[in-house]
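# Remarks on the overall topology
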Amino acid sequence: MTASNTCRTTATRARIAAVGAIAVAGSLMLTACGDQTAEGSKETKGTSASSAALFDKLPKKYQDSKVIKVGTDAAYAPMEFEEGGKIVGIDPDIAAALGKELGVSFQFTNGTFDGLISSLNTGRQDLVMSAMSDTKARQQGLDDTGKKVGEGVDFVDYFTSGVSLLVKKGNPENIQSLDDLCGKKVAVQRGTTYENTFKTQAAKCTKDGKGKLTIEAFDTDAEAQTRVKSGGAVADLNDYPVSAYIAKTAGGGNDFEVAGNQTEAGPFGIAVDKDNAQLRDALKEALNAIIKNGEYTKILEKWDVKNSAVTEATINAGK
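All of the points below concern the structure found in this document.

Rules used in this analysis
- Residues numbered from 1 in each chain as written.
- Predicted model: local features only at pLDDT ≥ 70, side-chain atom pairs only at ≥ 80, totals over all residues.
- Heavy atoms only, no water.
- Salt bridge = Lys/Arg side-chain N within 4 Å of Asp/Glu carboxyl O.
- Buried < 20%, exposed > 50% of the residue type's maximum accessible area, 1.4 Å probe, protein only.
- 1 Å grid on protein atoms, 1.4 Å probe; cavity = no way out; pocket = protein on both sides within 12 Å on 5 of 7 lines; lining within 4 Å.
- Points joined across faces, edges and corners; volume = space filled by probe spheres on them.
- Nonpolar A, V, L, I, M, F, W, Y, C, P; charged D, E, K, R; others polar.
- Axes fitted to C-alpha atoms, helices over the stretch in contact; angles between N-to-C directions.
- Helix = DSSP H or I, 4+ residues; strand = E, 2+ residues; numbered from the N terminus.
- Parallel < 35°, antiparallel > 145°, perpendicular 65-115°, else oblique.
- Left-handed = near helix turned anticlockwise from the far one by under 90°.
- Contact = heavy atoms within 4.5 Å.
- Pairing = 2+ DSSP bridges.
- Polar contact = N/O pair within 3.5 Å; in protein donor to acceptor, adjacent residues only side chain to side chain.
- Core = buried A, V, L, I, M, F, W, Y, C linked by side-chain atoms within 4.5 Å.
- Arc of directions from axis to C-beta.

Our next topic: the pattern of salt bridges. Scanning the entire structure with this criterion turns up 17 salt bridges. Among the ionic pairs, Glu-301 bridges to Lys-306, the shortest N-O distance being 3.3 Å. Given the relative accessible area of 44%, Glu-301 is considered partly exposed. Sharing partners across several salt bridges, the network here consists of Asp-154, Lys-274, Arg-280 and Asp-281.

Of the volumes computed, that of the second largest pocket is approximately 230 Å³. Pro-78, Tyr-240, Pro-241, Ala-244, Tyr-245, Lys-248, Thr-249, Lys-302, Trp-303, Asp-304, Val-305 and Asn-307 are the residues that line the second largest pocket. Residue composition of the lining of the second largest pocket, grouped by class: seven nonpolar, two polar and three charged.

Before going further, it helps to examine the packing of helix α3 (residues 90-102) against helix α10 (residues 295-302). Two elements in contact, α3 and α10, have axes whose closest approach is 10 Å; the angle formed by their N-to-C orientations is 160 degrees. By the angle between their directions, the pair α3 and α10 is classed as roughly antiparallel. In terms of crossing hand, the pair formed by α3 and α10 is right-handed. Two secondary-structure elements touch here, α3 through Ile-90, Asp-93, Ile-94 and Ala-97 and α10 through Tyr-296, Ile-299, Leu-300 and Lys-302. Per-class residue counts for the contact of α3 with α10 are six nonpolar, no polar and two charged.

On to the sheet that holds strand β6 (residues 80-83). Whenever strands of a sheet pair, they do so through backbone hydrogen bonds, lying parallel or antiparallel. The sheet built from three strands is open, its strands ordered β5-β6-β7 with antiparallel pairing. The sheet terminates laterally at β5 (75-76) and β7 (86-88), the two strands that pair on one side only. Relative to β7, β6 runs antiparallel, the two being bridged by three bridges. Its bridge partner being in β7, Glu-82 is matched across the sheet by Ile-87.

Moving on, we come to the side chain of Asp-273. Along the chain, Asp-273 turns up in strand β14 (residues 256-273). Only 2.9 Å separates the side chain of Asp-273 from the backbone nitrogen of Asp-275, close enough to count as a polar contact. Sequence-distant contacts of Asp-273, defined by excluding residues within four places in its chain, comprise Leu-120 and Asn-121.

Moving on, we get to the nonpolar core. Counting 75 residues, the largest nonpolar core has Ile-94, Phe-106, Leu-127 and Leu-283 as its most contacted members. If near-sequence neighbours (up to four positions away) are discounted, Leu-127 is found in contact with Ile-68, Lys-69, Val-70, Gly-71, Phe-106, Leu-120, Ile-270, Ala-271, Val-272, Leu-279 and Leu-283. With nine residues, the next largest nonpolar core counts Phe-113, Leu-116, Val-128 and Phe-155 among its residues.

Take the packing of α3 against helix α9 (residues 277-293) next. Axis separation between α3 and α9 bottoms out at 9 Å; the angle between their running directions is 105 degrees. By the angle class used here, α3 and α9 are roughly perpendicular. Note on element contacts: α9 touches α3 through Ala-282, Leu-283, Ala-286, Leu-287, Ala-289, Ile-290 and Asn-293, opposite Ile-94, Ala-97, Leu-98, Glu-101 and Leu-102. Counted by class, the contact of α3 with α9 contains 10 nonpolar, one polar and one charged residues.

Take Arg-124: it is sitting in the loop between α4 (116-121) and β9 (127-128). Along the backbone, Arg-124 and Val-70 are 54 residues apart, and their C-alpha atoms lie at a distance of 9.1 Å.

All right, on to α10 then. Turning to α10, its buried residues number three or more, namely Tyr-296, Ile-299 and Leu-300. Here the buried residues of α10 occupy an arc of 95 degrees about the axis, which is enough to place them on one side. Within α10, the exposed residues directed more than 90 degrees away from the buried face are Lys-298 and Lys-302. Where α10 is buried, its residues touch α3, β10 (153-168) and α9. Of the residues flanking the end of α10, it is Asp-304, one or two places downstream, whose phi is positive at about 60 degrees.

Take the environment of Thr-145 next. One can find Thr-145 in the loop between α5 (136-140) and β10. Looking at Thr-145, the relative accessible area reads 64%, which means it is exposed.

Right, dumping it as structure tokens:
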């Protein structure tokens, strides 16, 4: 997912509600914001310290606790969502594979997206893994106006994705691109890069004299989806894997469809506090290890997102 810096934080993210159909039905609700945590955390089990190849690379704090605390917004299937009281998805599966290399467990806690970086900066979480887009603004601690609001974070980039428009099944407004949204109303999750994309398009629509683009922002993508489904808005915007998953699952595949082509491809990153470079570098090594041993590919194949794979771990490669 992709977001800004308020009770969701700095300008850029990407994500959806648990399972499209479940999310739209409203059965998946977030219960945390910012530094607050929600019930339903999940630990992804690592391996024993003695057999973990990269255990010694970790800061002593994590060698002692054998746990790394992860902040996430578990309303973004297939990246992360709640199922049977547990947080599951691509990110938890990748975290579990990283845990085997590092000899620790990754403990996921649910929160709202725009509060995740704050929870990292205050030390409540050790890292953020939540389909978060790696952007220069987030790296530098800037909000979507360019104002300095924090110290920023480092990213270990592990996934790549473009964005796609999600419209009502049948595409009644014949939406094929952002330019087709001029003069219409859209819905989006507040604090995400998607909201920023819509704002940029709104300015373009006005400049070109093509009519006002009205943006309705919601706390969760599930609410934005509901708005589109009801006809109150013509489109939502999400990362391509998320949009495709929603279109496939929501209402048995009868509620939504993906419109046009995906654009603006960029990296998702695991966010780490800038003062925690040793953890950052250990994560990078662990990611390269699971890429090399094939576990990474197996996870992406399981979720049918192999085309979003990276070939090696990078740090702060976002723009």
